[in-house]
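The lines below spell out each chain.
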Amino acid sequence: MILELFLAALYILFIYFKVFRGSYIWFDNNGEVKRRKKSKFWNILTTMYDYLLHTKPEDRLLKLRGFHKVSPRFFRVKFWKIDYVVIYDPELLKKVFNSQVACQRPFRNCFQLEKGLLSSEYHSWKKSRKLLNGGFNLNILKGLIPIFSYYTGTLIKEMEQHLDGKEFDLLLPLSKLTTNGISGTIMNVTDVEVTDLEKLIAEVAIFLDLTCKRMLYPFLEKDWIYRWTKSYKREQEAREYAMAYGDELIAASKKRNRKDKSLVDENGSVIVKRDEKVEFIIDQLLNHEEKFTDEEIRDHVMTLLATSSETTTRFVATTLLQLAINQQYQQKVYEEIVDVFGDSIENIDYDKLNACRYLEMVLKEVLRLFTSVPIYQRETIDKLDIGIGKPLDKGAKIIIFAYILHRRKDLWGKNSGVFDPENFSSERTAERDPYCYLPFGAGPRNCIGNRFAMIAAKTEIIRLLHAYKFSTKIKDTDIKQGLSLTSRLSVDYLMSIEKR
Ligand code: HEM
C-alpha cells in the first residue's frame, strides 16, 4: 500500500514536471527532441504506469512489448538529468556492444556483491574479468564435461521413480542437478551438505526476484529508501541463506587437496578422474599471484553461483518442455544422439557435443523465444554517440530488451512467436545480422558463462533424452513468459517420462 501511494505521488510529480516544468525530454526514432508531441510519450507513460501498478508478473513482458509498437527501434527519455534508453534494434546494439564506453553496469548497489563481476565499478571489473576469463577458457570447459555427465547419470537413476507415467515437476530435480554441477565444476567440491536444497533454490529465486523489482523501480535504487521497504528485509534473509551456502562451498574448496584434481565423493572415492593440468575456476581465485581478499573471493563465487544457477536450470527445463510439446523435434534430436553416440553415451566429449548440430539449433531457438535474461543493462562511463540524436551523457542507463529484439516480426518473420529450430539453420543464420540475437550479450562485457552454459545444457540434455522420452499435457498457448532477472514461465514444468 505504502509503495503504491509512493508510486502514485511519483506519478503526480512526473506530470507536474511534464506540464509545468518540462524537465523531461522525449526523443523520437530519428533522435529529434519531441517535447511537444505528446501522444507517444503518453502511451509510454501509461504503459509504464499500468505496468508498475496493475500488471500480473506473467503479463509484464507482454505489456512492455507494447513499447515496440509505439517506438520501433528504441525509446529514450531524459528524466531528472539522467538519460535512459531502451534498445531493441540490431544496428544500435552493435554500436553499444562495440564501445568501451558502455562497459559498466548500472544499479551496481542493487546486486550487493560489491566486488563481484556484476557490481564492481569499471576499473576493478576490468581487472577481475581479465583474471576470471582464464577460468572459462575452452580447455578448462572441455574438462568439465565428465562432471556434468556424472551428475546427469545420478539424476537419471533418481528419475526411475517417475516411470509410473504420472506427471512431475522437472524444475526441482534439474535445479539439484545444476547446483551439484556448478559446485562440482566451478568449486571442485562434492561434499557440501545442503540440508534443504529446495529452500536454497527458493531463496535464490526470491533474491533474484526482489533484486529485479528493485532495478525496475528507479527510486528503490537508493539504499536509504530501499531499507524502509518490506522487500529489503525479505531480500536480506534470502541473501544470508544463500551466502551461508556459498561460505560452506568456499571453506570446503579451500580444504580439498589441490594437487589431486579428481572429483571425489564424501568417502574419498574418485568420481571423475581429471587431467592434472586443468585448473578449476575457484583455483584461479585462490591461487592467483595477485591475491584476492576473502571478501573478493566470496563476492566472485556468489556472483557466479547467482548468475549461473537459475539461468542454466531454466534453460534446460524450458528446452525439455519445448521438446515434450513438440514431439517431432524431440524425435529428431533423439535420432541425432543415437547417430553420434551409438552405445557409448557415457563417453561424451567436446567434439561429440559439437556433432549434435540439430540439438544446437533447438537450444538456440529456446534462448531466442524464452531468453533466460530478457532484459539487461549497461551504463556509459563517458559520452557516447550511437546515432540517436544528441550523444548519450556519461552515466546514461542503457537497457537492452532482448525479449523484444528476439520476437520482432520484421527481423524474424511473421511467425516470430512460434518455436521453430529452423530459425538457426545455416542458411537463415547467414542471412541475418548477428546482432538480432543476443541471449548472452556481446563484446568484452558479455556473459562470461556462455560456453559453460551451452556445454552443461548439451551434456545434460543428451543424457536425459538418451534415457527417457519426455511428454506433457502443456500446450504452447498455455505458456507466458514472466519477468525477473531470469525468465519465468507461467506454467510449472510438468512432464511424464518413458524409458527409451
Ligand atoms: C542460459 C544461460 C545464461 C544466459 C542466457 C546468460 C545471459 C547473460 C547476459 C545476457 C548477461 C549480460 C551480458 C551483457 O551485458 O552483454 C550475462 C552476464 C553474466 N553472466 Fe550469464 N547467462 C547464462 C549463464 C551463465 C553462467 C552459467 C554463468 C557462470 C558460470 C554466468 C555468469 C555471468 C556473469 C558473471 C555475468 C556478468 C559478466 C560481467 O559483467 O562481466 N552466466 N549473462
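In this text the structure is predicted, and so the values were computed from the model without any measurement.

(A) Just the overall build of the protein, in detail. Secondary structure summary: the protein contains 20 helices and 12 strands in total. The proportion of buried residues among the 500 residues of the protein is 55%. Taking the contacts inside the protein whose residues are at least 6 apart along the sequence as the reference set, 75% of them involve residues at least 24 apart. Accessible surface, the protein as shown: approximately 23100 Å² in total, 53% of it carbon and sulfur.

(B) Here's a closer look at the coordination of the iron atom of the ligand. Coordination of the iron atom of the ligand by the protein involves just one donor, Cys447 (SG), at a distance of 2.3 Å. With respect to the helices, strands and loops of the structure, Cys447 is situated in the loop between helix H19 (426–431) and helix H20 (450–467).

(C) Region of interest: the packing of helix H16 (residues 357–369) against H20. Where H16 contacts H20, the axes come no closer than 11 Å and their chain directions differ by 120 degrees. Here H16 is positioned oblique relative to H20, judged by the angle of their axes. Crossing of H16 over H20 shows right-handed handedness. Between H16, through Leu359, Glu360, Leu363 and Leu367, and H20, the contact on the second element is made entirely by Met454, Ala457, Lys458, Ile461 and Ile462.

(D) Broad picture of the site of the ligand. Close to the ligand lie 29 residues; Trp125, Arg129, Arg378, Arg445 and Cys447 are nearest. Trp125 is positioned such that a nitrogen or oxygen atom in its side chain is 2.7 Å from an oxygen atom of the ligand. One nitrogen or oxygen atom from the main chain of Ala442 is found 3.5 Å from an oxygen atom belonging to the ligand. The set of elements that each furnish at least two residues to the shell around the ligand consists of helix H6 (122–133), helix H13 (294–325), strand S7 (375–379) and H20. Looking at the shell around the ligand element by element, the count peaks at 6 residues for H13. Of the residues belonging to the shell around the ligand, the class tally is 17 nonpolar, 8 polar and 4 charged.

(E) Here's a closer look at the nonpolar core. Among the nonpolar cores identified, the biggest contains 107 residues, and Met159, Leu170, Leu174, Leu320, Ile462 and Phe470 are the most heavily contacted of them. Not counting residues up to four positions away in its chain, the partners in contact with Met159 are Phe168, Leu170, Leu464, Tyr468, Phe470 and Ile497. Within the second largest apolar cluster, 36 residues are counted, among which are Leu92, Tyr403, Tyr435 and Leu483.

(F) Examining the pairing of strand S3 (residues 82–87) more closely. Among the 6 residues in S3, 5 count as buried, and that is most of the element. Where strand S2 (residues 74–79) lies against S3, 6 bridges are found, and the strand directions are antiparallel. Following the sheet pairing, Phe75 is matched in S3 by Val86. Strand direction decides the pairing type here: S3 and strand S8 (residues 397–401), joined by 4 bridges, are parallel. Bridge assignment links Ile87 to a residue of S8, and that residue is Ile400.

(G) Up close: the sheet that holds strand S9 (residues 468–471). In space, the 3 strands of this open sheet follow the order S4-S12-S9, with antiparallel pairing throughout. The outermost strands of the open sheet, each flanked by one partner alone, are strand S4 (168–169) and S9. Here S4 pairs with strand S12 (residues 494–499) via 2 bridges, running antiparallel. Bridge pairing links Asp169 to Leu494 in S12.

(H) Highlighting the environment of Lys78. Turning to its location among the elements, Lys78 is positioned in strand S2. Note: C-alpha distance between Lys78 and Ala396 (318 residues apart in sequence) is 9.1 Å.

(I) Focus on the pattern of salt bridges. For the coordinates displayed, the defined rule picks out 16 salt bridges. Of the charged contacts in the structure, one is a salt bridge between Glu360 and Lys364, with a shortest N-O distance of 3.4 Å. In this pair, Glu360 and Lys364 are both assigned in helix H16, 4 residues apart and thus about one turn of the helix distant. Between Lys397 and Glu379 there is a salt bridge, and its shortest N-O distance comes to 3.3 Å.

(J) Examining the UniProt feature "binding site: heme" (unreviewed entry) in the protein more closely. Per the UniProt record, "binding site: heme" (unreviewed entry) is found at Cys447. Once residues within four sequence positions are removed from consideration, Cys447 is found in contact with Arg129 and Phe440.

(K) Region of the structure containing the confidence of the model for the protein. The pLDDT averaged across the protein works out to 83; a share of 82% of its residues lies at or above 70. Strand S1 (residues 25–27) is the least confidently modelled element of the protein, averaging 46 in pLDDT, while S9 averages 98, the highest of any element. pLDDT under 50 marks residues 19–33. Its contacts with residues more than four places away, or in other chains, come to 40 contacts. For residues 35–39, every residue scores under 50 in pLDDT, and the model assigns this stretch 6 contacts once sequence neighbours within four places are set aside.

(L) Main features of the side chain of Thr179. Relative to the assigned elements, Thr179 resides in helix H8 (residues 171–185). The class of Thr179 is buried, set by a relative accessible area of 12%. Discounting chain neighbours no more than four positions away, the residues touching Thr179 are Leu197, Leu200, Ile201 and Tyr245.

(M) Structural detail: the packing of helix H7 (residues 138–158) against H8. Contact pair H7 / H8: the axes reach a minimum separation of 9 Å and the direction vectors enclose 150 degrees. Of the possible angle classes, the one that applies to H7 and H8 is roughly antiparallel. Judged by the twist between their axes, the crossing of H7 over H8 is right-handed. Residue-level contacts link Leu144, Ile147, Phe148, Tyr151, Thr152, Leu155 and Glu158 of H7 to Pro173, Leu174, Lys176, Leu177, Asn180, Gly181, Gly184 and Thr185 of H8. Grouping the constituent residues of the contact of H7 with H8 by class yields 8 nonpolar, 5 polar and 2 charged.

(N) Highlighting the packing of aromatic side chains. Taken as a whole, this structure holds 10 aromatic pairs when the rule is applied. Relative to Tyr403, the ring of Phe401 lies with its centre 6.5 Å away and its plane at 40 degrees, an arrangement referred to as tilted. The two residues Phe401 and Tyr403 agree in class, both being buried. Taken together, the ring pairs connect Phe136, Phe148 and Phe452 into an aromatic cluster. Across the ring face of Tyr241, the terminal group of Lys199 is positioned such that the distance to the ring centre comes to 4.9 Å. Sitting over the face of the ring of Phe424, Arg432 holds its NZ or CZ atom 5.0 Å from the ring centroid.

Definitions and limits used
Residue numbering note: each chain is counted from 1, following its sequence as written. With the structure being a predicted model, the display of local features is reserved for residues of pLDDT at least 70 and the display and counting of side-chain atom pairs for 80 or more, all residues being used for whole-chain, interface and lining totals. Hydrogens and waters are ignored; side-chain quantities use all the structure's heavy atoms. Helix and strand definitions follow DSSP, with helices as H or I runs of at least four residues and strands as E runs of at least two, each counted in order from the N terminus. The buried label applies to any residue whose accessible area, calculated with a 1.4 Å probe on protein chains only, is under 20% of its type's maximum; exposed applies above 50%, and partly exposed to all values in between. It only takes one pair of heavy atoms within 4.5 Å for two residues to be counted as in contact. Exposure was quantified through the Shrake-Rupley algorithm and a 1.4 Å probe, taking into account, for residues, occlusion by the shown protein chains and nothing else. Atoms of type N, O and S within 2.8 Å of a metal are treated as its donors, and for Na, K and Ca the window is 3.2 Å; water is not considered, so some sites may appear to be missing partners. A fitted line through C-alpha atoms serves as each axis, taken over the contacting stretch for helices, and the angle formed by two N-to-C directions is quoted from 0 to 180°. Note that the term roughly parallel is reserved for angles under 35 degrees, roughly antiparallel for angles over 145, roughly perpendicular for angles of 65 to 115, and oblique for everything else. Rotating anticlockwise by less than a right angle from the far helix to the near helix defines a left-handed crossing, while the corresponding clockwise rotation defines a right-handed one. To be near a molecule or strand, a residue needs just one of its heavy atoms within 4 Å of it. Identification of polar contacts relies on pairs of N or O atoms within 3.5 Å, with a donor-acceptor requirement for protein atoms, meaning one able to donate a hydrogen and the other able to accept it, and with residues adjacent in sequence counted only if both atoms are side-chain atoms. Residue type decides the class: Asp, Glu, Lys and Arg count as charged, Ala, Val, Leu, Ile, Met, Phe, Trp, Tyr, Cys and Pro as nonpolar, and the leftover types, Gly among them, as polar. Here, nonpolar core means buried Ala, Val, Leu, Ile, Met, Phe, Trp, Tyr and Cys residues that are tied together by side-chain atoms lying within 4.5 Å of each other. For two strands to count as paired, DSSP must find a minimum of two bridges between them. One side-chain nitrogen of Lys or Arg within 4 Å of one carboxyl oxygen of Asp or Glu is enough to make a salt bridge. UniProt positions are given in the numbering used here, feature names are shortened, and annotations may be inferred rather than shown by experiment. pLDDT: the predictor's confidence for each residue, scored from 0 to 100. A pair of aromatic rings is counted whenever rings of Phe, Tyr or Trp (Trp by its six-membered ring) have centres within 6.5 Å, and the orientation is called stacked for planes under 30 degrees apart, edge-to-face for over 60 and tilted otherwise. Remark: a charge is flagged as sitting over a ring if the NZ atom of Lys or the CZ atom of Arg is within 6 Å of the ring centre and within 35 degrees of the ring normal.

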